[in-house]
Amino acid sequence: MKKDNKNVIYWLLTGCVLIFIMVVVGGITRLTDSGLSMSDYKLITGTIPPLNDAEWQDAFALYQQYPEFQKLHSHFTLQDFKGIYFWEWFHRVIGRAIGLVFIIPFLYFLIRKQLTKKTIKKCLILLGLGAFQGFLGWYMVKSGLVDRPDVSHFRLAAHLTTAFLTFAATLWVALDLIYPNKKVIDTKFKNLVIVSFVLLIIQIIYGGFVAGLKAGLLHNHWPFMNEGKFMHETVYILEPYYKNLIENPSGIQFIHRTLAYLVVASIFMLWFKAREMTLTNLQQKAINALLTLVGFQFLLGVLTIIYAVPLWLGVAHQVGAFFLLTAMTFTLHRFSK
């Protein structure tokens, strides 16, 4: 059978779909404060949820020993606990499913010699990213089981960003097989795409910071933060000043707001420059998709702030970021060697 065949492509794209589902469920898990409901980590047996009342009572008793219950959810009944437990359990099950979907077919294709050496190397990197993502998930949850009833916003951002990058890398490997021939139109234009890609990744990181510090619950106005101020005075209250960039919820929200304008401007510039070039059909579609998606994502961001992050808008905003990264990855691929 031909190496790097359609089955390999379908496998990689299936992995992309599963990562997308995991990110959506992860968003719901975060927005419903479900992430610390499973206080222990069992790689194999943790796949099976409590099956009877005694097991549920044991799981609830374990949850009651940690800061989230003691400081935030002391009013929870067993039924309340079951609601948040489901989302964290589902999130972890999907993570395990992704691991199996990557490892088992990879070994099959490897044994059947259906992968080129180049693709094998790329797939090993993907497996490494997946393993690192699983580690970050455990490392993130661990930070919320000590003193604070919340996970570290740094670890949450790392976990979220790695998921996005793992998806982008998996999609890139699939695109290499789907479109083996690339055409570089203009190196300067490609560099503009790279700048836009980097800006988007930084914006995703700050989205993780906003989520981890619940900064979206502050300054629920637009275009100004509140009181007619583009930059509220709470943005720069910490000393030394750099802490406002990484630890101050108001400062982080301000950066996230401002970066949104930069991401929109960079993609609009790509679209404007592309009008002066002769593009392939796929390249033109990629640029048009970027412009459409960034406008939609910007609107979702504004609504999410104005309405103080309701569950459906928070999830929609995260999904929008995912689709925008997809379009950005496809665009960069179409303008690369």
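Just so it is clear, the structure is predicted and the values come from calculations on it, not from any experiment. (Residues numbered from 1 in each chain as written. Predicted model: local features only at pLDDT ≥ 70, side-chain atom pairs only at ≥ 80, totals over all residues. Heavy atoms only, no water.)

Considering the overall build of the protein
Next up, step 1: Within the protein, the secondary structure is distributed over 11 helices and 0 strands.
Next up, step 2: For 337 residues, the compact-globule formula gives about 20 Å, and the C-alpha radius of gyration of the protein, at 22 Å, lands near that figure.
Next up, step 3: Its C-alpha atoms give the protein principal-axis dimensions of about 60 × 60 × 35 Å.
Next up, step 4: Across the 337 residues of the protein, 46% fall into the buried class.
Next up, step 5: Here the analysis covers contacts within the protein between residues at least 6 apart in sequence; of these, 78% occur between residues at least 24 apart.
Next up, step 6: With an accessible surface of roughly 17000 Å², the protein has 68% of that area assigned to carbon and sulfur atoms.
Next up, step 7: On the protein, the mean spot of the 31 positive side-chain charges and the mean spot of the 18 negative ones are 18 Å from each other. (Helix = DSSP H or I, 4+ residues; strand = E, 2+ residues; numbered from the N terminus. Rg over C-alpha atoms; globule rule 2.2 N^0.38 Å. Buried < 20%, exposed > 50% of the residue type's maximum accessible area, 1.4 Å probe, protein only. Contact = heavy atoms within 4.5 Å. Areas by Shrake-Rupley, 256 points an atom, 1.4 Å probe, with all protein chains shown as cover. Lys, Arg positive; Asp, Glu negative; His and termini not counted. Charge placed at Lys NZ, Arg CZ, Asp CG, Glu CD.)

So, the nonpolar core
Next up, step 1: Residues W11, L12, F164 and F189 are the most contacted members of the largest nonpolar core, which totals 62 residues.
Next up, step 2: Broken down by element, this core gets its largest block of residues, 11 residues, from helix α6 (residues 153-178).
Next up, step 3: With near-sequence residues (within four places) excluded, F189 lies in contact with L270, K273, A274, M277, I287 and F335.
Next up, step 4: Among the nonpolar cores identified, the runner-up in size contains 12 residues, and M38, I84, Y85 and W89 belong to it. (Core = buried A, V, L, I, M, F, W, Y, C linked by side-chain atoms within 4.5 Å.)

Examining a positive patch on the surface
Next up, step 1: A cluster of basic residues, K3, K113, K117 and K121, forms a positive patch on the protein surface.
Next up, step 2: Here K121 is to be found in helix α5 (residues 117-142). (Patch = residues over 30% accessible without salt bridge, like charges linked within 9 Å, V, L, I, M, F, W, Y side chains within 5 Å. Salt bridge = Lys/Arg side-chain N within 4 Å of Asp/Glu carboxyl O.)

Describing the packing of helix α7 (residues 187-212) against helix α11 (residues 311-334)
Next up, step 1: With their axes 10 Å apart at the nearest point, α7 and α11 run at an angle of 155° to one another. Accordingly, the angle class assigned to the pair α7 and α11 is roughly antiparallel. In the packing of α7 onto α11, the handedness of the crossing is left-handed. Side by side, α7 and α11 meet where K190, V193, I194, S196, F197, L200 and I201 of the first sit next to L324, L325, M328, T329, T331 and L332 of the second.
Next up, step 2: Here the contact of α7 with α11 is composed, by residue class, of 9 nonpolar, 3 polar and 1 charged. (Axes fitted to C-alpha atoms, helices over the stretch in contact; angles between N-to-C directions. Parallel < 35°, antiparallel > 145°, perpendicular 65-115°, else oblique. Left-handed = near helix turned anticlockwise from the far one by under 90°. Nonpolar A, V, L, I, M, F, W, Y, C, P; charged D, E, K, R; others polar.)

Side note on unusual backbone geometry
Next up, step 1: A cis amide bond, omega 10°, links W222 with the succeeding residue P223.
Next up, step 2: Mapped onto the elements of the fold, P223 is located in the loop between α7 and α8 (243-246).
Next up, step 3: In the segment running from E239 into P240, the intervening peptide bond is cis, with an omega of -5°.
Next up, step 4: Residue position: P240 is located in the loop between α7 and α8.
Next up, step 5: Phi angles above zero are rare outside glycine, and D33 is one such case at about 55°.
Next up, step 6: With a phi close to 55°, K214 is a non-glycine residue in the positive phi region.
Next up, step 7: Taking the relative accessible area as the measure of exposure, K214 reaches 35% and is therefore partly exposed.

Regarding the environment of F254
Next up, step 1: Among the structural elements, F254 can be located in helix α9 (residues 249-274).
Next up, step 2: Counting along the chain gives 30 residues from F254 to F224, while the straight-line C-alpha distance between them is 9.9 Å.

So, the packing of aromatic side chains
Next up, step 1: Taken as a whole, this structure holds 30 aromatic pairs when the rule is applied.
Next up, step 2: Pairing F60 with F69 gives two aromatic rings, centres 5.9 Å apart and planes at 90°, and the pair type is edge-to-face.
Next up, step 3: Given the relative accessible area of 7%, F60 is considered buried.
Next up, step 4: Ring geometry for Y108 and F109: centres 5.7 Å apart, planes at 65°, overall edge-to-face.
Next up, step 5: These aromatic residues form a ring-pair network of at least three members: W56, F60, Y63, F69, F81 and Y85.
Next up, step 6: Over the ring of Y139 we find R155, and its NZ or CZ is 3.6 Å from the ring centre. (Phe/Tyr/Trp six-rings, centres within 6.5 Å; stacked < 30°, edge-to-face > 60°. Lys NZ or Arg CZ within 6 Å of the ring centre and 35° of its normal.)

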